[in-house]
Amino acid sequence: MEDVTSLVFQHLIEEEERDEQIISLLFLKNSKRQKVHDMFISRREEGAFQNIISKHLIDDETKFHNYFRLTKYQFNFVLSAITKDVFKAPTTTVKFPITPKEKLAVTLRYLATGESYRSLAFNFRISHCEISNIVKEVLAICKNLMPVLLPPPTENDFKTRASEFWERLNFPNCVGAIDGKHVRVMCPDQTGSLYFNYKNYFSLVLLAIVDAKYKFLAIDVGSYGKEGDSGIFSKSVMGQRIYTEKFGLPSEDIQLPGSEKCLPYVIIGDEAFMLHKRIMKPFNRAQAKADYEKSVFNYPTCCLHNLIRDGYEGTNTQIVHQELTNMQTTMQPLARFGGYGNVEGFEVRDAFKCFFSGEGKVNWQNHVVSRT
């Protein structure tokens, strides 16, 4: 009996020592943890969401849109798509978790301005580490919207896009404009100079095709900053599908307006891209200088491409210039390494050239393109 009592007593002593060790470890851990700053504790009273958005922007559609780049309707649409996945219920340790609406607000503000996480932390009264997690969480969920907002285009979609280019900008059979942009990034680990571009900073490349209303039709994201448009396009899934006639473009040639010429549906780009039956690019400077018709072709294609890229707005045949600010701070054009062309590409471009100087001529082009 004494042996049993002794064993029980010894066991109790060991348990007590273990508990003391656990308490000591917890105390040590908590002592190393920094105290939460009062600024973050007062989030619900002093944060931008409460003081700016909820009190002022919510009743002003224009200012709401200027702040988020989305209308209230669009904001609520995205919110409904992510709420279930980003919602966190209150707990004993976190009585007032960050709401899905706040998470979406801080993410949209980050995307709209490019502000640093630390800067947003002061405005929203949320730590920069937590904002980093929030942005990743919300954007991961937003990928679920891609089938709705960026679906693969069909033949009918392309025909509609071509009608819009003709109606707005007098370019027939054109379904989109393509260009690449450098997106400034921190140098990824163990990548050397792969992301170091010709402008002397680190970037990855966004290559995109947009329609006449500036909406993305297809994108390729993530290529190394050191690469040029043509090389990225040629190896991308998007480029391969276009070159092999698997992109969904209508296969039949279509008659140009007011003309007997039949030409394929095309995408326009700048001099960096390889001339192809489906990809039109301007004539080089020497060719355009020696041939007035080539200058006319260059002007509609480059004017149109700049209109799409720079955000100008087309209203019928009038072009209203809408200046965009801060666009060049984090996104820059790619180096212009021109690619070669194929025979069909030259033939299609020459046919468009003749059309723009003949049946497709507009009354203002002679005032813009000099014959000298």
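Residues numbered from 1 in each chain as written. Predicted model: local features only at pLDDT ≥ 70, side-chain atom pairs only at ≥ 80, totals over all residues. Heavy atoms only, no water.

1. As for the overall build of the protein
Okay, so step 1: Looking only at helices and strands, the protein features 17 helices and ten strands.
Okay, so step 2: Residues counted as buried form 39% of the 372 residues belonging to the protein.
Okay, so step 3: Look at the contacts in the protein between residues 6 or more apart in sequence, and 63% of them connect residues 24 or more apart.
Okay, so step 4: Per element, the accessible surface of the protein, about 22,200 Å² overall, is 56% carbon and sulfur. (Helix = DSSP H or I, 4+ residues; strand = E, 2+ residues; numbered from the N terminus. Buried < 20%, exposed > 50% of the residue type's maximum accessible area, 1.4 Å probe, protein only. Contact = heavy atoms within 4.5 Å. Areas by Shrake-Rupley, 256 points an atom, 1.4 Å probe, with all protein chains shown as cover.)

2. Notes on unusual backbone geometry
Okay, so step 1: In this structure, R69 takes a positive phi of about 70 degrees despite not being glycine.
Okay, so step 2: Position of R69 relative to the elements: it lies in the loop between α5 (61–68) and α6 (72–86).
Okay, so step 3: Even without glycine at this site, R125 takes up a positive phi of about 60 degrees.
Okay, so step 4: With respect to the helices and strands, the residue R125 is situated in the loop between α8 (117–124) and α9 (128–142).

3. Structural notes on helix α11 (residues 155–169)
Okay, so step 1: Compared with an ideal rise of 1.5 Å per residue, which puts 15 residues at 21 Å, α11 spans 21 Å between its outermost C-alpha atoms and is within 8% of the ideal.
Okay, so step 2: Among all positions in α11, only F158, R161, A162, E164, F165, R168 and L169 are buried. Summarising the axial view, the buried residues of α11 lie within an arc of 160 degrees, below the 170-degree limit, and thus occupy one face. Of the residues in α11, the exposed ones pointing more than 90 degrees away from the buried face are N156 and E167. (Expected span 1.5 Å × (residues − 1). Arc of directions from axis to C-beta.)

4. Points about the pattern of salt bridges
Okay, so step 1: Applying the stated criterion across every chain yields a total of eight salt bridges.
Okay, so step 2: Across the pair R109 and E115 runs a salt bridge whose closest N-O atoms are separated by 3.9 Å. You'll find R109 and E115 in the same group, each marked buried. (Salt bridge = Lys/Arg side-chain N within 4 Å of Asp/Glu carboxyl O.)

5. Notes on the environment of V106
Okay, so step 1: Mapped onto the elements, V106 comes out in helix α7 (residues 100–113).
Okay, so step 2: The exposure class assigned to V106 is buried, which follows from its relative accessible area of 0%.
Okay, so step 3: With 25 residues separating them along the chain, V106 and I131 place their C-alpha atoms 7.6 Å apart.
Okay, so step 4: Once you skip the residues sitting within four places of it in the chain, V106 turns out to touch L120, F124, I131 and I134.

6. Focus on the packing of aromatic side chains
Describing an aromatic ring pair means giving the distance of the ring centres and the angle of the ring planes.
Okay, so step 1: Applying the stated criterion across every chain, the model contains eleven aromatic pairs.
Okay, so step 2: Measuring from centroid to centroid gives 5.1 Å for Y110 and Y117, while their planes differ by 40 degrees, and the two rings are tilted.
Okay, so step 3: The partly exposed category is assigned to Y117, whose relative accessible area is 23%.
Okay, so step 4: Residues F196 and F202 carry aromatic rings whose centres are separated by 5.1 Å and whose planes lie at 65 degrees to one another, so their mutual orientation is edge-to-face.
Okay, so step 5: Clustering of aromatic rings is evident, with ring pairs tying together F64, Y67, F68 and F75.
Okay, so step 6: When the ring centre of Y67 is taken as origin, the NZ or CZ atom of R109, which lies over that ring, is 4.0 Å away.
Okay, so step 7: We note R184 situated over the ring of Y201; from NZ or CZ to the ring centre the distance is 3.9 Å. (Phe/Tyr/Trp six-rings, centres within 6.5 Å; stacked < 30°, edge-to-face > 60°. Lys NZ or Arg CZ within 6 Å of the ring centre and 35° of its normal.)

7. Digging into the environment of N156
Okay, so step 1: Following the sequence through the fold, N156 ends up in helix α11.
Okay, so step 2: For the pair formed by N156 and G248, sequence separation is 92 residues and the distance between their alpha carbons is 9.3 Å.

8. Focus on the confidence of the model for the protein
Regions with low pLDDT should not have their predicted coordinates read in detail.
Okay, so step 1: When pLDDT is averaged along the protein, the result is 76; 71% of the residues meet or exceed 70.
Okay, so step 2: Looking over the protein, one finds the lowest element-wise mean pLDDT in strand β9 (residues 318–320), namely 39, and the highest in strand β6 (residues 266–268), namely 93.
Okay, so step 3: Every residue in residues 301–328 scores below 50 in pLDDT, and together they form 59 contacts with partners more than four places removed in sequence or on other chains. (pLDDT = per-residue confidence, 0-100.)

9. Describing the nonpolar core
Okay, so step 1: Formed by 28 residues in total, the largest nonpolar core has its most connected members in I53, F68, L104 and F124.
Okay, so step 2: Where this core is concerned, the elements lending two or more residues are α4 (48–54), α5, α6, α7, α8 and α9.
Okay, so step 3: In contact with I53, not counting residues within four places along its chain, are A48, I58, Y67, F68, A105 and F124.
Okay, so step 4: Core analysis: the next-biggest nonpolar cluster, separate from the first, contains 21 residues, I209, L217, A272 and I279 among them. (Core = buried A, V, L, I, M, F, W, Y, C linked by side-chain atoms within 4.5 Å.)

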